[in-house]
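Chain residues, written in single-letter form:
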Amino acid sequence: PPRSTLFPYTTLFRSHGTAVVWQDLDRVTAGTKTNSDRDHQHFLRRIDDVRTHIASVFHRLIGTGKRQIQVLVNDQPVLPWDPFLEGEDATYALAPTVLPIGDSNVEVRPYVLPHLSKLSPAVLKDAAGPRGWSGQQGFYIYRNKRLLVPGDWLGFFPRQDLYRLARIKVDLPNSLDDQWQIDVTKSK
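Residues numbered from 1 in each chain as written. Predicted model: local features only at pLDDT ≥ 70, side-chain atom pairs only at ≥ 80, totals over all residues. Heavy atoms only, no water.

## As for the overall build of the protein chain
Thinking step 1. Counting its regular elements, the protein chain contains six helices and eight strands.
Thinking step 2. Every one of the 188 residues in the protein chain was classed for burial, and the buried ones make up 27%.
Thinking step 3. Nonlocal contacts in the protein chain, meaning residues at least 24 apart in sequence, comprise 55% of its contacts between residues at least 6 apart.
Thinking step 4. A total of about 13,200 Å² of accessible surface is found on the protein chain, and carbon and sulfur atoms cover 53% of it. (Helix = DSSP H or I, 4+ residues; strand = E, 2+ residues; numbered from the N terminus. Buried < 20%, exposed > 50% of the residue type's maximum accessible area, 1.4 Å probe, protein only. Contact = heavy atoms within 4.5 Å. Areas by Shrake-Rupley, 256 points an atom, 1.4 Å probe, with all protein chains shown as cover.)

## Observations regarding the pattern of salt bridges
Thinking step 1. Under the counting rule described, the total for this entry stands at three salt bridges.
Thinking step 2. Among the ionic pairs, Asp171 bridges to Arg60, the shortest N-O distance being 2.6 Å. You can see Asp171 sitting in strand β8 (residues 166-172) and its partner Arg60 sitting in the loop between α3 (37-57) and β1 (72-73), a full 111 residues away along the chain.
Thinking step 3. For Asp171, a relative accessible area of 16% translates into the label buried. (Salt bridge = Lys/Arg side-chain N within 4 Å of Asp/Glu carboxyl O.)

## Description of the packing of aromatic side chains
Thinking step 1. A complete count under the given rule lists eight aromatic pairs for this structure.
Thinking step 2. On the basis of an interplanar angle of 70° and a centroid distance of 5.7 Å, the ring pair of Trp153 and Tyr163 is categorised as edge-to-face. A residue pair is termed long-range when its members are at least 10 positions apart, and Trp153 in the loop between β7 (146-152) and β8 and Tyr163 in the loop between β7 and β8 qualify at ten residues.
Thinking step 3. Through a chain of ring-to-ring contacts, the aromatic side chains of Phe139, Trp153, Phe156, Phe157 and Tyr163 assemble into a single cluster.
Thinking step 4. The ring of Tyr142 has Arg60 sitting right over it, with the charged end atom 4.5 Å from the ring centre. (Phe/Tyr/Trp six-rings, centres within 6.5 Å; stacked < 30°, edge-to-face > 60°. Lys NZ or Arg CZ within 6 Å of the ring centre and 35° of its normal.)

## Considering unusual backbone geometry
Thinking step 1. Unusually for a residue other than glycine, Leu85 sits at a positive phi of about 50°.
Thinking step 2. Mapped onto the elements, Leu85 comes out in the loop between β2 (76-77) and β3 (92-93).
Thinking step 3. On the accessibility criterion, Leu85 (9% relative accessible area) is buried.
Thinking step 4. With phi around 50°, Asn144 is a residue other than glycine that occupies positive phi space.
Thinking step 5. Mapped onto the fold, Asn144 is located in the loop between β6 (138-143) and β7.
Thinking step 6. Residue Asn144 is classed as partly exposed on the basis of its relative accessible area of 44%.

## Considerations on the nonpolar core
Thinking step 1. Counting residues in each nonpolar core, the largest one holds 20 residues, and the members touching the most others are Ile54, Val78, Leu85, Leu113, Trp133 and Tyr140.
Thinking step 2. Counting only elements with at least two residues in this core, the list comes to α3 and β6.
Thinking step 3. Dropping the residues within four chain positions of it, Leu85 is found in contact with Thr91, Leu113, Pro114, Leu119, Val123, Ala127 and Trp133.
Thinking step 4. Within the second largest apolar cluster, nine residues are counted, among which are Val106, Phe139, Trp153 and Ile168. (Core = buried A, V, L, I, M, F, W, Y, C linked by side-chain atoms within 4.5 Å.)

## What about the layout of surface pockets?
Thinking step 1. Of the volumes computed, that of the second largest pocket is approximately 250 Å³.
Thinking step 2. Lining the second largest pocket are 13 residues, with Thr52, Ala55, Leu79, Trp81 and Asp126 sitting closest to its centre.
Thinking step 3. A total of five residues in the lining of the second largest pocket trace back to one element, the largest contributor, which is α3.
Thinking step 4. Its residues placed into classes, the lining of the second largest pocket shows seven nonpolar, three polar and three charged. (1 Å grid on protein atoms, 1.4 Å probe; cavity = no way out; pocket = protein on both sides within 12 Å on 5 of 7 lines; lining within 4 Å. Points joined across faces, edges and corners; volume = space filled by probe spheres on them. Nonpolar A, V, L, I, M, F, W, Y, C, P; charged D, E, K, R; others polar.)

Here is the structure:
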C-alpha cells in the first residue's frame, strides 16, 4: 500500500531525519472518559507538560545551529527554553572554564541572569521556567547538548533566593558516561 495508507503523517517525511509519532496513548488516557470536560482538560495539561519538557531538555538542539531539529506537538512547533537567557543584553556570561578529566574535557560556563527589573514581562514569565526562578537555579548538566540535570546544586549549596539568578552550564562529552554513571535512558 502507499505510504499514506500505512502512515498518514506524510507531511512529516523529509529527505532526511527522523520522525517520531506517538498515537493511541492508552497509558495517558487510561481511566478517562471521552465526554468528560475534566478529563479532557487533564489530557491537555499533560500535552503542555510534554511540550515544556521537550523545550527544556532539547533547547540547545531545537532551532539553532547546523544540526537544527524541529519538534512539533499537535502540529505546533516547540520553541526552545533557554535557561541562560543568552539573547538578553543584561545577561552576564562569564568565560568558560575547561576542566580536563582523563583524555576528555568538561566545559563549565557560569551565567548571572539579569535582575528581574531588566526583563520585559513576557521574558520574565518565560525565563522563570517550569519550576519558577528559585527552582531553576544551579547547575545545568548536558551531554551532547541534551539536558540531563535542569538546575540543581547537586548538594553543593542549598537552594536559596539569593542564588536565583545563578545558572551554570556544564557540558559533558559522551566519553565520560561511565564516570558520571549515565545510562542509555539518561534518566539519572
